[in-house]
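# Analysis of the macromolecular model
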Amino acid sequence: MTVSNFPTNEDSEAREGLPTEPRRPSSVRRFGQSFAMFRNGKSITGLIIIAVFAIAAIFAPLIAPYGPLEKDYDALKQPPSAEHWLGTTHLGEDVFSQIIYGTRGVLVVGLVAGVLATFVAVFVGVAAGYVRGWKSESLSALTNVFLVIPGLPLMIIIASQYDDPSIVLISAVIAITGWAWGARVLRAQTMSLRNRDFVQAARANGEKLLRIITVEMLPNLTAIIASSFVGTVTAAVLGLTTLAFIGVIPITNLNWGTILFWAQQNGAFPDFWWWYIPAGLCIAVFGMALSLVNFGIDEYVNPRLRSAGERARAMRKKGLSTTSGVTEVRATPAEDPQP
Amino acid sequence: MTTLDFRHVTKQYKVRGAGDMLALDDVSFTLTSGQTIALVGQSGSGKSTIAKILTQLERETTGEVLLDGAPIPKRGKGLRAYRQRVRMVFQDPFASLNPYHTIRHHLERPLRLDKVVPSDRVDDEVRSLLTRVRLEPDAVIDRRPHELSGGQRQRVAIARALASRPELLIADEPVSMLDVSIRLGVLNLLADLQRESNLGVLYITHDLATARHFSDEIMVLHHGVVVERGPSDDVILNPQHEYTRALRDASPDPDKHFADPSGPASSRS
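These numbers were taken from a predicted model, which means no experiment stands behind them. (Residues numbered from 1 in each chain as written. Chains lettered and ligands numbered in written order. Predicted model: local features only at pLDDT ≥ 70, side-chain atom pairs only at ≥ 80, totals over all residues.)

### Regarding the overall build of chain B
Stated precisely, the cut-off is as follows: Only DSSP runs of H or I reaching four residues or more are called helices, and only runs of E reaching two or more are called strands; each is numbered from the N terminus. Values of the radius of gyration come from C-alpha atoms, whereas the globule rule sets the reference at 2.2 Å times the count of residues to the power 0.38. Comment: burial labels come from other C-beta atoms within 10 Å of the residue's own C-beta, placed from the backbone, where a count of 20 or more is buried, 12 or fewer is exposed, and between is partly exposed. By the criterion used throughout, residues are in contact when their C-beta atoms, derived from the backbone, lie within 7 Å.
Per the secondary structure count, chain B includes 11 helices and 10 strands. For 269 residues, the compact-globule estimate of 2.2 N^0.38 gives 18 Å, and chain B sits close to it at 20 Å. Projected onto its principal axes, the C-alpha coordinates of chain B cover approximately 60 × 50 × 40 Å. Taking all 269 residues of chain B together, the buried fraction comes to 44%. Within chain B, contacts between residues separated by at least 24 positions form 64% of all contacts whose residues are at least 6 apart in sequence.

Structure representation (C-alpha cells):
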C-alpha cells in the first residue's frame, strides 16, 4: 500500500445515517429484546391462557371451593349445580376442585420434564452440530434411536418398575423420551452456524470452544431452544395425562389424567359427562395454548410465515383470490416510455 | 521485523465420493512487516485456503508455515500467541460480526483475550480503536451490527483485527462485498493503518486494479499454483503468464475508456 490516498467520501460515509446523540440500550431493554419472539398475537394469547392455568395452580386452595379428595356422601355423581359447579364423582368429590388441584401436577411435571429435556437436547444437539466426523455421527445416531423408540411403551415400562415413582422420576422418564426432536433441530441449526464467518472469526481470535458455543452461538439459537422447550412441555403434559389415565402412575398424584382414570373406572362414559369433559377440555386448551406460543416463535424465526399471512389477508381484503396462480393487473399501465 | 514464511504448502481437501481435491500445490512466499503482497486469482483458485491456513482455521497437508523461523504451534498458548500476531479481516462484514452482540463486545473480546491492556483501560482502548478506523465511538459502540452500514461494519471488523496489535494482517477480499462508492475509503483506511503500525498485509483480491495500487508485489494464483509473481507494475504491464494476461484483459481499464470513444463507455448512453 505504497500509493498515496485518493480523495474519497470516506468521512461522510463513516458518519452517515446515525443520529448525533448516542443511544445506549439499558440492560432492561436488552433483557426485553431477548423476549421479542413472544411479542406477537399468537404467542401472547397462548401465554395468557398458560398464565390463567398457572394462577389456578398456585392459588388452588383459595380458588377451589372444596378439597380435591373431600367427600360429600350426600351428593354422588351429581350433575353441575350451585354447590358443585362441575358436579361430583362417585364418592361425592367436587370435580371443579379436582381440576383446579390437578393443574398443579400437570404444570409441575410439564415444567420439570421440559427443563430436563431441553438441557439434554441443547447439550447433545449443539455438541453434535459443532464437532465433526464420527463424534457427530454417533451423537446423531443416538438421537435417531431415541426418535424412533415409541415413547409411550418406554414410559410405561420404566414407570412400572417403581411402586411409588416421585414427580421428579416421572418427569425424568418423560424427558428421556422427549429430548430427541429438539436435539435434531438444534444439531441442524448449529451445523449451519458453525460455518458462519463470525464463528470462524472467534476461532481465529483464539476463543475457547466452550466460550464460542455459549457466548457466540447459543444466543443465536434462543428462539429454537424456546420452541423446543415449549414442544417438550406439550409432549410431557400429554404423556403425563396418558400415563395417569391408563393407571401407570399412582393415583396419589392428582392431575387431569387421574380424573379421567377414575371416570373411566367408574363407568362415567358416556352418561356422566361433567366428570370427564372438563378434564379433557383442559388438556386440549392447555395444549392449544402451548402450540400458539410455538406458532408465534415460528413466525419470529421465519418471517416468511408472517408476511405470507399478512399478504394473504391484504389480498383477500382487496377481493383477490390468494390461491389463483396468476397475478391480476389492477391498474392500467402508464404510457409506455420507450427510449 | 516480523517474517512469515509459507514454505512448499500443499492442501488437499477430501471430497465425499469424489476423491481428493488439491486446493494448493506447493505454494511458497514470504511476508514481512511493512510490506503488502496482493494475492490475485479467480474464485476457486485457492486464495481463501491460504488465508485459512495462515489463521490456522485449516491445517496444511504438507509443507510448513514459519513465523520468524519457528513453526506455528498446533494448539494451546503458543497457537493463541501466533494468532495474536497474525490477524484476519473477513470478506463479508454482514456475516463476520455476530448479530446478537454489540460493537463493544466485538472489540472487547480480543482485548481481554490477549490481555492487550489492563481491564480498567479496555473501554478507552475500544474507543481509540473505533477512532482509528474513523468511526465515531459514541455513535456506534452500543449498537449491533445490523444497525450499521456495510462500510461501517467492515471498519468495525478491521478494528477488531487490529485490537490485538498484530504484526501481520490478512485481508480476504475486504471490499468485495461493499458498495463501489465506499471501497476506496476502506482501502485507503487499510493503507493508512498499515503505514501507521508498519503492518505486513496480505491483500487477497480478484481485482487487479486495486491490487496494483495498494501493493508492492503481486502474486497470481491459478488452480492452486502460483503462476506469476513480481513487483506490481511489472506483473500488470508486462504479464508473462497467459492466465495473468487473461485476467488483466478481463478487468475494465479506465485508460482505454477515455482513449477510445467506441469503448465500453459508449454503450452506457
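### Observations concerning the overall build of chain A
Of the regular secondary structure elements, chain A holds 15 helices and zero strands. Relative to its 339 residues, chain A shows a buried fraction of 37%.

### Observations regarding the sheet that holds strand β1 (residues 3-14) of chain B
Think of a sheet as strands paired side by side through backbone hydrogen bonds, with each pair either parallel or antiparallel. Residues and elements named next belong to chain B. Filter applied, for reference: Strands were regarded as paired on the criterion that DSSP finds at least two bridges between them. With axes taken as lines fitted to C-alpha atoms, and helix axes fitted only over the stretch in contact, angles between N-to-C directions fall between 0 and 180 degrees.
Strand order in the open sheet formed by four strands is β2-β1-β4-β5, with antiparallel pairing between adjacent strands. Strands at the two margins of the open sheet, each flanked by one partner only, are β2 (20-32) and β5 (70-71). Strand direction decides the pairing type here: β1 and β2, joined by nine bridges, are antiparallel. Directly across from Gln12, in β2, lies its bridge partner Leu22. Contacting β1, β2 and β4 (62-67), helix α1 (residues 47-54) runs over the sheet at an angle of about 65° to β2.

### What about the sheet that holds strand β6 (residues 86-89) of chain B?
Residue and element names in this part refer to chain B. Spatial ordering of the open sheet is given by β6-β7-β8-β3-β9-β10, a layout of six strands whose pairing is mixed. Both outer strands of the open sheet, β6 and β10 (225-231), are each paired with one neighbouring strand and no more. The sheet shows a mean angle of 20° between the axes of neighbouring strands, direction not considered. Both strand β3 (residues 36-40) and strand β8 (residues 200-205) contribute to a ladder of five bridges, which runs parallel. By the bridge assignment, Ile37 is partnered in β8 with Leu202. Sitting on the sheet, helix α6 (residues 150-163) is in contact with β6 and β7 (168-172), with an inclination near 175° to β6.

### Things to note about the pairing of β1(B)
Residues and elements named next belong to chain B. Counted between consecutive antiparallel strands, the loop separating β1 from β2 contains five residues, among which Gly17 sits at a positive phi close to 80°. In this structure, β1 lies alongside β4, joined through five bridges in antiparallel fashion. Counted as the bridge partner of Leu4 is Leu67 from β4.

### Quick look at the nonpolar core
Definition in use: The term nonpolar core refers to a set of buried Ala, Val, Leu, Ile, Met, Phe, Trp, Tyr and Cys residues connected through C-beta atoms within 7 Å.
By size, the foremost hydrophobic cluster in this structure holds 140 residues, and its most contacted members are Leu39(B), Val40(B) and Tyr203(B). Sort the elements by how many residues they give to this core and helix α5 (residues 95-130) of chain A lands first, with 16 residues. Setting aside residues up to four positions removed in sequence, Leu39(B) forms contacts with Lys47(B), Ile50(B), Leu202(B), Tyr203(B), Ile204(B), Met219(B) and Leu221(B).

### Topic: unusual backbone geometry
Residue and element names in this part refer to chain B. Despite not being glycine, His8 has its phi angle at roughly 45°, a positive value. As for its position among the elements, His8 is in strand β1. Given 13 C-beta atoms within 10 Å, His8 falls into the partly exposed group. Here Asn198, not a glycine, exhibits a phi torsion of approximately 55°, which is positive. Note that Asn198 resides in the loop between α7 (180-197) and β8.

### Let's talk about helix α2 (residues 76-85) of chain B
All of the buried residues along α2(B) are Tyr82(B), Arg83(B) and Gln84(B). Check the buried side of α2(B) and you find it contacts α10 (197-204) of chain A together with β4 and β6 of chain B.

### A few points about α6(B)
Basically, it comes down to this: Any helix carries an expected span of 1.5 Å times its number of residues minus one.
The end-to-end C-alpha separation of α6(B) is 20 Å, in line with the 20 Å expected for 14 residues at 1.5 Å each. By the criterion of burial, α6(B) is predominantly enclosed, with 13 of the 14 residues buried.

### Considerations on the packing of helix α6 (residues 133-148) of chain A against helix α9 (residues 180-194) of chain A
Residue and element names in this part refer to chain A. Keep this limit in mind: By definition, any crossing whose near helix is turned counterclockwise from its far helix by less than a right angle is left-handed, and any crossing with a clockwise turn is right-handed. As a working rule, the residues Ala, Val, Leu, Ile, Met, Phe, Trp, Tyr, Cys and Pro are called nonpolar, Asp, Glu, Lys and Arg charged, and the rest polar, with Gly in that last group.
The N-to-C vectors of α6 and α9 enclose an angle of 145°; their axes lie 9 Å apart at closest approach. By crossing handedness, the relation of α6 to α9 is classed as left-handed. The segment α6 lies against α9, with Ser140, Thr143, Phe146 and Leu147 engaging Ala180, Trp181, Ala183, Arg184 and Arg187. Along the lines of polarity and charge, the residues of the contact of α6 with α9 split into five nonpolar, two polar and two charged.

### Considering the packing of α5(A) against helix α8 (residues 167-178) of chain A
All names here are of chain A. Stated precisely, the cut-off is as follows: In what follows, roughly perpendicular refers to angles from 65 to 115 degrees, roughly parallel to angles under 35, roughly antiparallel to angles over 145, and oblique to any angle outside these ranges.
Closest axis-to-axis distance for the α5/α8 pair is 8 Å, and the angle between their directions is 45°. Taken together, the axes of α5 and α8 are oblique relative to one another. When the axes of α5 and α8 are compared, the crossing they make is right-handed. In this structure, α5 uses Val108, Val109, Val112, Ala113, Leu116, Ala117 and Val120 to contact α8, whose residues at the interface are Ile167, Val168, Ile170, Ser171, Ala172, Ile174, Ala175 and Gly178. Classifying every residue of the contact of α5 with α8 by side-chain character gives 13 nonpolar, two polar and no charged.

### Side note on the environment of Val230(A)
Residue and element names in this part refer to chain A. Along the polypeptide, Val230 turns up in helix α12 (residues 222-245). The exposure class of Val230 is buried, given the 24 C-beta atoms found within 10 Å. Filtering out sequence-adjacent residues up to four positions away, Val230 remains in contact with Leu290, Val293 and Asn294.

### Examining the environment of Gln152(B)
Residue and element names in this part refer to chain B. Looking at the secondary structure, you find Gln152 in helix α6. Residue Gln152 is classed as buried on the basis of its 28 C-beta neighbours within 10 Å. On a C-alpha basis, the gap between Gln152 and Val140 in space is 9.0 Å, while along the polypeptide they are 12 residues apart.

### Focus: the pairing of β7(B)
Residues and elements named next belong to chain B. Buried residues dominate β7, accounting for five of its five residues. Side-chain alternation along β7 places Leu168, Ile170 and Asp172 on one buried face and Leu169 and Ala171 on a second face that is also buried. In terms of strand pairing, β6 meets β7 through four bridges, oriented parallel. Within β7, the position partnered with Arg87 by the bridge is Leu169. Where β7 and β8 come together, five bridges link them in parallel fashion. Paired with Leu169 across the two strands is Val201, which belongs to β8.

### Things to note about the confidence of the model for chain B
Low pLDDT means the predicted atomic positions in that stretch should not be read closely. Defined as follows: Here pLDDT means the predictor's own confidence in every residue, given as a number from 0 to 100.
Summarising the model, chain B shows a mean pLDDT of 86, and 93% of its residues fall at 70 or more. At the low end of the mean pLDDT range in chain B sits helix α11 (residues 254-259) of chain B, at 55; at the high end sits β6(B), at 93.

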